[in-house]
Amino acid sequence: MVANGAVSVSLDSVRDKNLMQLKKLNSVLFPVRYNDKYYADALASHHFTKLAYYSDICVGSIACRLEKKEDGAIRVYIMTLGVLAPYRGLGIGTKLLNHVIDLSSKENIGEIYLHVQTNNEDAINFYKKFGFEITETIKNYYARITPPDCYVVTKYVGQPQSEK
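What you see is a predicted model; the values in this text were computed from it and never measured.

Conventions adopted
Residues numbered from 1 in each chain as written. Predicted model: local features only at pLDDT ≥ 70, side-chain atom pairs only at ≥ 80, totals over all residues. Heavy atoms only, no water. Salt bridge = Lys/Arg side-chain N within 4 Å of Asp/Glu carboxyl O. Helix = DSSP H or I, 4+ residues; strand = E, 2+ residues; numbered from the N terminus. Buried < 20%, exposed > 50% of the residue type's maximum accessible area, 1.4 Å probe, protein only. Pairing = 2+ DSSP bridges. Axes fitted to C-alpha atoms, helices over the stretch in contact; angles between N-to-C directions. Contact = heavy atoms within 4.5 Å. 1 Å grid on protein atoms, 1.4 Å probe; cavity = no way out; pocket = protein on both sides within 12 Å on 5 of 7 lines; lining within 4 Å. Points joined across faces, edges and corners; volume = space filled by probe spheres on them. Nonpolar A, V, L, I, M, F, W, Y, C, P; charged D, E, K, R; others polar. Parallel < 35°, antiparallel > 145°, perpendicular 65-115°, else oblique. Left-handed = near helix turned anticlockwise from the far one by under 90°. Phe/Tyr/Trp six-rings, centres within 6.5 Å; stacked < 30°, edge-to-face > 60°. Lys NZ or Arg CZ within 6 Å of the ring centre and 35° of its normal.

Asker: Report on the pattern of salt bridges, specifying residues and quantitative values.
Answerer: Scanning the entire structure with this criterion turns up eight salt bridges. Taking the shortest distance from any N to any O, the salt bridge between lysine 139 and aspartate 149 comes out at 3.7 Å. Remark: aspartate 149 occurs in the loop between strand S8 (133-138) and strand S9 (150-156) and lysine 139 occurs in the loop between S8 and S9; sequence separation between them is 10 residues. Residue class for aspartate 149 comes out buried when judged on its relative accessible area of 16%. Linked by salt bridges that have partners in common, Lys37, Asp41, Arg65, Glu67, Lys69, Arg75 and Glu111 make up one network.

Below you can see the structure in the form of structure tokens.
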């Protein structure tokens, strides 16, 4: 389980044969039931959607959708990122998010974004640690949860840092 203080966490791509694990995780982690399009998009994103295993137990996931912008560039939309409560704080969410950031950089994808409920301070602070910024507020984004408003949180990948 733990070797030299490091947690044994592995990531695996989502495929037809393990899609039920993603569905089960989502049913526990999120107050929303996802439709078939969500799962089709997750499968179509290939290596951008991952399951996280802690000592061979599936405890978290990141599910993404690849979108083509009007200018033809591809961007990554993080549909969901979640880790089961007993396994939070072990770096699993960090590993999942870093995977998507690193893969985006390798594939020359310049933008990653997601929606976060405006009262979800933990999520907002988590993403800010990775260089994400609030870029927009959308009123009444969520139909069945309160508050219904969300932030669009965006990270621009591979942009050269300005010298100071």
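Asker: Provide a residue-level description of the pairing of strand S7 (residues 111-117), including the pertinent values.
Answerer: Within S7, seven of the seven residues are buried, leaving the element largely enclosed by the surrounding structure. Residues Glu111, Tyr113, His115 and Gln117 point to one face of S7 and Ile112, Leu114 and Val116 to the other, with burial holding for every one of them. Bridge count for strand S6 (residues 74-83) against S7 is two bridges, and the pairing is parallel. Note on S7: the bridge partner recorded for valine 76 is isoleucine 112.

Asker: Describe the sheet that holds strand S5 (residues 57-68), with residues and values.
Answerer: Strands sit in the order S3-S4-S5-S6-S7-S9-S8 across an open sheet of seven strands; the sheet is mixed. Pairing within the sheet leaves two strands with one partner each, and these edge strands are strand S3 (9-13) and S8. Pairs of neighbouring strands in the sheet enclose a mean axial angle of 25°, with direction left out of account. The pairing of S5 with S6 spans nine bridges and is antiparallel. Within S6, the position partnered with glycine 60 by the bridge is valine 83. Each of S3, strand S4 (50-54), S5, S6, S7 and S9 is contacted by helix H3 (residues 92-106), which is oriented at about 170° to S6, the strand it contacts most. Across the sheet, helix H4 (residues 121-128) touches S6, S7, S8 and S9, and the angle it forms with S7 is around 160°.

Asker: Which residues make up the environment of asparagine 119, and what values go with them?
Answerer: If you trace the backbone, asparagine 119 turns up in the loop between S7 and H4. As for asparagine 119 and aspartate 12, which are separated by 107 residues in sequence, their C-alpha atoms are 31 Å apart.

Asker: Which residues make up the layout of surface pockets, and what values go with them?
Answerer: Reported here for the largest pocket is a volume of approximately 1,400 Å³. Phe30, Tyr34, Met79, Thr80 and Leu81 are the residues nearest the centre of the largest pocket, which is lined by 41 residues in total. Secondary structure elements with two or more residues in the lining of the largest pocket: helix H2 (36-44), S6, H3, S7 and H4. Counting residues per element, the lining of the largest pocket draws most heavily on S6, at seven residues. Looking at side-chain class alone, the lining of the largest pocket contains 23 nonpolar, 10 polar and eight charged residues.

Asker: I'd like a rundown of the packing of helix H1 (residues 19-29) against H2, residues and numbers included.
Answerer: Taken N-terminus to C-terminus, the directions of H1 and H2 make an angle of 130°; their axes are 12 Å apart at the nearest point. Relative to H2, H1 is oriented oblique. Considering how the two elements wind past one another, H1 and H2 form a crossing that is right-handed. Residue-level inspection shows Leu19, Leu22, Lys23 and Asn26 of H1 in contact with H2, the latter providing Tyr38, Tyr39, Ala42 and Leu43. Among the residues making up the contact of H1 with H2, the classes are represented as six nonpolar, one polar and one charged.

Asker: Requested: an account of the packing of aromatic side chains, with residues and values cited.
Answerer: Across all of its chains, the model carries nine aromatic pairs by this definition. With a centroid separation of 6.1 Å and 85° between ring planes, the pair formed by phenylalanine 30 and tyrosine 34 is classed as edge-to-face. Between the aromatic rings of tyrosine 38 and tyrosine 39, the centroid separation amounts to 4.7 Å while the plane-to-plane angle is 80°, which identifies the pairing as edge-to-face. For the residue pair tyrosine 38 and tyrosine 39, the accessibility class agrees, reading buried in each case. Taken together, the aromatic side chains of Phe30, Tyr34, Tyr38 and Tyr39 make up a single cluster linked through ring pairs. Lysine 23 extends its terminal NZ or CZ atom over the ring of tyrosine 39, reaching a point 5.1 Å from the ring centre.

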